[in-house]
Amino acid sequence: MRIRLPRARSRAPLGIAGFIAIPLFFSSLMSATLALEKPRLAQWTSGGKLQTTWHDPSTATEARIWLWALLPPAVLALVGWVATRLPLGIYVPGVAAIVLAMAVVHKTAIWERHHTSRYPVGVDLIPPANVASDVFDRGQWEHIARDTALSLQHWTIGIAAASVAVLAALTIRRRYFTRKPVQAHAPLEGVHAPDATTPGLGG
């Protein structure tokens, strides 16, 4: 059985979704980094003591971060594509973006703590004893990353809300405050003076 989709009414919802997806992606990227990034741990025994060192995340970990970061924008783009076939679909991407933006960062406080625990010497993997090279203290980068994710979330919600408000205002103006054009060839009623001609005589 073949399913036929309704024809697209307008491409505007997809364009709106693509525009809002930009800050949503970067917010998602910071959140996914906090949630998933972890260093490669190396341990060995030297002189009867356990030695530990940390290395940069593996390629597989980095790939997982990027895939999870791309998921919310991809969902928003799909919603925008579906909305092109819906009545009043221009409002759907804005509402969906607000929901996604809130969902992306809802656990960043927990992810910040987990990321900090996975990087005992800081995200730069340099012990604090190495004062000359140490850049980030433990938890410093995580705090910055969470603030960035939240800031980008606010931008996403702001842009989405503004798009809905502007589109609603344009719709109201077009429907209620725009004068209807006069038909070019509309028939006009003629105004005639009373017929003063006397009837003719004879027959």
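To be clear, the structure that these remarks concern was listed above.
The text that follows walks through the structure, step by step, so that each part is easy to find. Note on numbering: residues in each chain are counted from 1, in written sequence order. Only residues with pLDDT of 70 or above have their local features reported here, since the model is predicted, and side-chain atom pairs are shown and tallied only from 80 upward, although totals for entire chains, interfaces and linings are computed over all residues. Side-chain calculation: all heavy atoms of the structure are included, whereas hydrogens and water are not.

## Details of unusual backbone geometry
Phi is positive for L88, close to 60 degrees, though the residue is something other than glycine. Strands here mean DSSP runs of E at least two residues long; helices mean DSSP runs of H or I at least four residues long; both are numbered from the N terminus. With respect to the element layout, L88 can be found in the loop between α2 (59–83) and α3 (92–104).

## A short note on the packing of helix α1 (residues 12–36) against helix α4 (residues 108–118)
It is the contact of α1 with α4, at a shortest axis distance of 7 Å, that shows an interaxial angle of 50 degrees. Between α1 and α4, the angle is such that the two are oblique. The crossing of α1 and α4 is left-handed. In contact with S31, T33, L34, A35 and L36 of α1, α4 contributes T108, W111, E112, H115 and R118. Note on residue classes: Ala, Val, Leu, Ile, Met, Phe, Trp, Tyr, Cys and Pro are nonpolar, Asp, Glu, Lys and Arg are charged, and everything else, Gly too, is polar. Across the contact of α1 with α4, the residue classes tally to four nonpolar, four polar and two charged. For helices, the axis comes from a line fit to the C-alpha atoms of the stretch in contact; other axes are also lines fit to C-alpha atoms, and the angle between any two N-to-C directions lies between 0 and 180 degrees. Our angle categories are set so that under 35 degrees counts as roughly parallel, over 145 as roughly antiparallel, 65 to 115 as roughly perpendicular, and the remainder as oblique. The sense of a crossing depends on the near helix, which, turned anticlockwise from the far helix by less than a right angle, makes the crossing left-handed and, turned clockwise, makes it right-handed. Note on contacts: a residue pair qualifies if any of its non-hydrogen atoms lie within 4.5 Å across the two residues.

## A closer look at the side chain of T116
Along the polypeptide, T116 turns up in helix α4. With relative accessibility at 15%, the residue T116 sits in the buried group. Sequence-distant contacts of T116, defined by excluding residues within four places in its chain, comprise R138, G139 and E142. Residue exposure (1.4 Å probe, protein chains only): buried if accessible area is under 20% of the type maximum, exposed if over 50%, otherwise partly exposed.

## Focus on a nonpolar patch on the surface
Here, patches come from residues exposed beyond 30% relative accessible area and free of salt bridges, joined within 9 Å for like charges and within 5 Å for nonpolar side chains (Val, Leu, Ile, Met, Phe, Trp, Tyr). Accessible surface is estimated by sampling points in the Shrake-Rupley manner with a 1.4 Å probe; for residues, cover comes only from the protein chains shown. When a carboxyl oxygen of Asp or Glu is within 4 Å of a side-chain nitrogen of Lys or Arg, the pair counts as a salt bridge. Nonpolar side chains collect at one region of the surface, where L14, L78, W81, V82 and L86 lie side by side and expose about 420 Å² of accessible area between them. Broken down by element, the residue count for the nonpolar patch peaks at three residues, all from α2. Examined against the element boundaries, W81 turns out to sit in helix α2.

## Side note on the nonpolar core
Within the largest apolar cluster, 24 residues are counted, with the highest numbers of intra-cluster contacts made by I20, L24, L76 and W141. Residue assignment for this core shows that the elements contributing at least two residues are α1, α3 and α5 (140–176). Per-element accounting of this core gives the leading share, seven residues, to α1. For L76, the contacting residues outside a window of four places in its chain are A17, I20, A21, L24, P93, A96, A97 and L100. Core analysis: the second largest hydrophobic core is formed by six residues, F25, L29, A32 and A69 among them. Take the buried Ala, Val, Leu, Ile, Met, Phe, Trp, Tyr and Cys residues and link them wherever side-chain atoms come within 4.5 Å; each set so joined is a nonpolar core.

## Quick word on the packing of α2 against α3
Any two packed helices are characterised by the angle at which their axes cross and by the distance between the axes. In contact at an axis separation of 9 Å, α2 and α3 are set at 160 degrees when each is read in the N-to-C sense. Between α2 and α3, the angle falls in the class roughly antiparallel. Pair α2 / α3 crosses with right-handed handedness. For the pair formed by α2 and α3, the contact residues are P72, V75, L76, V79, G80 and A83 on the first element and V92, P93, A96, A97, L100 and V104 on the second. Grouping the constituent residues of the contact of α2 with α3 by class yields eleven nonpolar, one polar and no charged.

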